[in-house]
Amino acid sequence: QVQLVESGGGLVQAGGSLRLSCATSRRIVGIYTMGWFRQAPGKEREFVVAIAGNGGRTYYTDSVKGRFTISRDNAKNTIYLQMNSLKPEDTAVYYCAVARSAFTADQTMGVQENYDDWGRGTQVTVSS
């Protein structure tokens, strides 16, 4: 089992920025695919972005493309989610997850069933 701990959530006004962090208990970053998902109140959990371990290719959901950026620090075993130009619809609990499978298509990185371990989440609230 891999422990994942998210941090950096909070309250921000629309148009503002926030950076989330996900620390892992083992050297996972740079080896396995890491992803960010979110769940808004009363809605299903949805994919946000993922980064592959080998090569670091990324895949973003359309709604955050150009606003959010995923990055990693292999030495710190940590991934980040830089969120800019935040909108009220970005309000959700954000979860970090790891997938041990190798993906041959970018779209498969957006399938939450492919992920094996999950953090407890961090709340992001964007006010209008």
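Before going into details, it helps to say that this report is about the structure given with it. Sequence order sets the numbering: in each chain, residues are counted from 1 along the sequence as written. Per-residue local features of the predicted model are confined to residues with pLDDT of at least 70, and side-chain atom pairs are confined, for both listing and counting, to 80 or more; whole-chain, interface and lining totals are unaffected and use all residues. Side-chain metrics rest on all non-hydrogen atoms present in the structure, leaving aside hydrogens and water.

Turning our attention to the nonpolar core. The term nonpolar core refers to a set of buried residues drawn from Ala, Val, Leu, Ile, Met, Phe, Trp, Tyr and Cys, joined through side-chain atoms within 4.5 Å. Note on classification: 1.4 Å probe, protein chains only; a residue is buried when its accessible area is under 20% of the maximum for its type, exposed when over 50%, partly exposed between these limits. Among the nonpolar cores identified, the biggest contains 28 residues, and Met34, Trp36, Phe68, Leu81, Met83 and Tyr94 are the most heavily contacted of them. Helix and strand definitions follow DSSP, with helices as H or I runs of at least four residues and strands as E runs of at least two, each counted in order from the N terminus. Listed by contribution, the elements that provide at least two residues to this core are strand S3 (18-24), strand S4 (33-39), strand S5 (46-51), strand S7 (68-73), strand S8 (78-83), strand S9 (92-99) and strand S11 (122-127). It is S9 that contributes the most residues to this core, four residues altogether. Core analysis: the second largest hydrophobic core is formed by nine residues, Phe37, Ala50, Ala99 and Met109 among them.

Before going further, it helps to examine the state of the cysteines. When the sulfur atoms of two cysteines come within 2.5 Å, that pair is taken as a disulfide. Applying the stated criterion across every chain, the model contains one disulfide. The disulfide bridge from cysteine 22 ends at cysteine 96, spanning 2.1 Å between sulfur atoms. Handedness here is read from the sign of the S-S torsion; for cysteine 22 and cysteine 96, about -80°, the answer is left-handed. With cysteine 22 in strand S3 and cysteine 96 in strand S9, this pair connects stretches of sequence that are 74 residues apart. For the pair cysteine 22 and cysteine 96, one class covers both residues: buried.

The subject of this paragraph is unusual backbone geometry. For asparagine 77, which is not a glycine, the phi torsion comes out positive at approximately 55°. Inspection of the secondary structure puts asparagine 77 in the loop between S7 and S8. On the basis of relative accessible area, asparagine 77 is assigned to the buried category, the value being 19%. Non-glycine residue serine 85 carries a positive phi angle of around 50°. Here serine 85 lies in the loop between S8 and S9. With relative accessibility at 42%, the residue serine 85 sits in the partly exposed group.

Strand pairing within a sheet occurs via backbone hydrogen bonds; the two strands may be parallel or antiparallel. DSSP-based pairing: two strands are paired if at least 2 bridges between them are found. Across the sheet, which stays open at both edges, the four strands sit in the order S1-S3-S8-S7 with antiparallel pairing between neighbours. Of all strands in the sheet, those with a lone pairing partner are strand S1 (4-7) and S7, marking the two edges. Sheet twist, expressed as the average angle between the axes of neighbouring strands with direction ignored, equals 15°. Of the pairings in the sheet, the one linking S3 to S8 comprises six bridges and is antiparallel in character. What sits directly across from leucine 20, in S8, is leucine 81. Each axis is a line fitted through C-alpha atoms, and for a helix only the stretch in contact is used; angles between axes span 0 to 180 degrees, taken between their N-to-C directions.

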